[in-house]
Amino acid sequence: MVDTGLLRKDEFKKSYYLFKNKYKLNIKLINSKKLFYNKLKNVIDPEKKRKIIGNLFIKIFEKEAKKFKKVKYLAQGTLYPDIIESRSSTGSQSAKIKSHHNVGGLPKKMKLKLIEPLNEFFKDEVRKLGKSLGLDSSILYKHPFPGPGLAIRIIGKINEKKIKILQDADNIFMNSLIEHNIYDKIWQAYAALLPVKTVGVMGDTRTFEYTCLLRAVTSEDGMTAAKYNFTNEFLGIISNKIINGVSGINRVVYDITSKPPSTIELE
Ligand code: XMP
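Residues numbered from 1 in each chain as written. Predicted model: local features only at pLDDT ≥ 70, side-chain atom pairs only at ≥ 80, totals over all residues. Heavy atoms only, no water.

**Student:** Give a description of the overall build of the protein chain that names residues and reports values.
**Tutor:** Secondary structure summary: the protein chain contains 9 helices and 8 strands in total. Rg of the C-alpha trace for the protein chain: 19 Å, near the compact-globule value of 18 Å for 267 residues, within the 12% margin. Principal axes of the C-alpha set define a box for the protein chain whose edges measure 65 × 45 × 40 Å. In the protein chain, the 48 positive side-chain charges and the 27 negative ones have mean positions that sit 8 Å from each other. (Helix = DSSP H or I, 4+ residues; strand = E, 2+ residues; numbered from the N terminus. Rg over C-alpha atoms; globule rule 2.2 N^0.38 Å. Lys, Arg positive; Asp, Glu negative; His and termini not counted. Charge placed at Lys NZ, Arg CZ, Asp CG, Glu CD.)

Below is the structure:
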């Protein structure tokens, strides 16, 4: 497991223990946070971020795999929609929607042979397959999460401070969805950080902090999506919790756009 430092709060640790304790997998942990943060420093363009992350990930992976004698394959959970969106309909580079890191990020020449057993399936079909294999429901029904992770949920330049702010806000949002029994009604939900600072008041002092955007959508396969209709009460609760719980954020907005014309991720 390569820690890119771009996962949700505690996600790396939690996944590691699940794989190790429940599935008895022999996992090697590689902490590459600093490498990723360094390479991403000052990068603004989303496609550049995706390419950097995909390339660095596979470079680290190949280097580590070499230390094991018999490793020949790289298996990826690429789904059919990843392929469709990473491919342009006209053949031009600019016409494609985005490079999903596991499709567009891989180098042309790779020592490991790529296998992608799920690349002709949609997510609902993959969940059915997983269910018939008896996989843990915490894995099966987990919301999708993009390979480039939080780097594409922080608009513009990223740094450790912004990542920490976003992880904390996102964690509050996710826990509230679970507490209120809403998590499973939603295809995908997350918090994002907008690089816009606005003025606020906390107690009797002026604040000048970032804006947190919440996104929650319903969808069948991620190809189209509609906003999830939270109650006003829930939106109020979550906004208060985030602003009171996370220093660095003083405004919360809810994204009401559907896909299309928007996408699910921001970048
Ligand atoms: P968009 O934002 O394109 O997202 O509407 C559609 C679905 O794909 C996920 N996504 C990714 N998954 N690598 C991935 O593995 C990526 O680079 C990537 N980009 C988007 C997104 O989270 C949503 O579920």
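Structure shown, so let's carry the discussion forward.
**Student:** Hey, could you go over helix α1 (residues 11-22) for me, with residue numbers and the actual values?
**Tutor:** For α1, with 12 residues, the first-to-last C-alpha span of 16 Å sits near the 16 Å given by 1.5 Å per residue. Three or more residues of α1 are buried, namely Glu11, Phe12, Ser15 and Tyr16. The buried residues of α1 occupy an angular sector of 130° when projected down its axis, which confines them to one face. Residues of α1 that are exposed and angled more than 90 degrees away from the buried face: Lys13 and Lys14. Lining the buried residues of α1 we find β1 (2-3). Among the residues trailing α1, Lys24 stands out with phi positive, at a value near 55°. (Expected span 1.5 Å × (residues − 1). Buried < 20%, exposed > 50% of the residue type's maximum accessible area, 1.4 Å probe, protein only. Arc of directions from axis to C-beta. Contact = heavy atoms within 4.5 Å.)

**Student:** Would you mind going over the packing of helix α2 (residues 33-40) against helix α3 (residues 46-65) in detail, with residue names and values included?
**Tutor:** The contact between α2 and α3 brings their axes to 10 Å, and the two run at 150°. On the basis of their axis angle, the class for α2 and α3 is roughly antiparallel. The interaxial crossing formed by α2 with α3 has right-handed handedness. Contact with α2, carried on its side by Leu35, Phe36, Lys39 and Leu40, involves Lys49, Ile52, Ile53, Leu56, Phe57 and Ile60 of α3 and no other residues of that element. Residue classes in the contact of α2 with α3 are distributed as 8 nonpolar, no polar and 2 charged. (Axes fitted to C-alpha atoms, helices over the stretch in contact; angles between N-to-C directions. Parallel < 35°, antiparallel > 145°, perpendicular 65-115°, else oblique. Left-handed = near helix turned anticlockwise from the far one by under 90°. Nonpolar A, V, L, I, M, F, W, Y, C, P; charged D, E, K, R; others polar.)

**Student:** Please provide a residue-by-residue account of α2, values included.
**Tutor:** Along α2, the residues classified as buried are Phe36, Tyr37 and Leu40. The buried residues of α2 all sit within an arc of 95° when viewed along its axis, so they share a single face. Its buried side turned inward, α2 meets β1, α3 and α8 (160-179).

**Student:** Give a description of the packing of α8 against helix α9 (residues 232-245) that names residues and reports values.
**Tutor:** Two elements in contact, α8 and α9, have axes whose closest approach is 9 Å; the angle formed by their N-to-C orientations is 145°. For the crossing formed where α8 meets α9, the hand is right-handed. Where α8 approaches α9, its residues Ala169, Ile172, Phe173, Ser176, Leu177 and Glu179 are matched on the opposing element by Phe234, Ile238, Lys241, Ile242 and Gly245. Its residues placed into classes, the contact of α8 with α9 shows 7 nonpolar, 2 polar and 2 charged.

**Student:** Help me get a handle on the side chain of Asp168, residues and values and all.
**Tutor:** With respect to the helices and strands, Asp168 occurs in helix α8. Within the local environment of Asp168, its side chain forms a polar contact with the side chain of Lys9, the two groups lying 2.9 Å apart. In contact with Asp168, other than residues within four places in its own chain, are Lys9 and Val246. (Polar contact = N/O pair within 3.5 Å; in protein donor to acceptor, adjacent residues only side chain to side chain.)

**Student:** Lay out the packing of aromatic side chains in plain terms, naming residues and giving numbers.
**Tutor:** Applying the stated criterion to the full structure yields 7 aromatic pairs. Seen in terms of ring centroids, Phe57 and Phe61 are 5.9 Å apart; in terms of plane orientation they differ by 20°. Their pairing is stacked. Residue Phe57 and its partner Phe61 are both found in helix α3; the two are separated by 4 residues, about one turn of the helix. Overall, Phe61 belongs to the partly exposed group, its relative accessible area being 30%. Geometrically, the ring pair formed by Phe173 and Phe230 is edge-to-face, given 6.1 Å between the ring centres and 65° between the ring planes. Pair noted here: Phe173 is in helix α8 and Phe230 is in the loop between β7 (226-227) and α9, with a separation of 57 residues, a long-range link. Across this residue pair, the class does not change: Phe173 and Phe230 are buried. A network of ring pairs unites the aromatic residues Phe173, Tyr228, Phe230, Phe234 and Tyr254 as a single cluster. Just above the ring of Tyr190 sits the side chain of Arg153; from NZ or CZ to the centre is 3.9 Å. In this structure, Lys197 is placed above the aromatic ring of Tyr210, and the distance from its NZ or CZ to the ring centre is 5.0 Å. (Phe/Tyr/Trp six-rings, centres within 6.5 Å; stacked < 30°, edge-to-face > 60°. Lys NZ or Arg CZ within 6 Å of the ring centre and 35° of its normal.)

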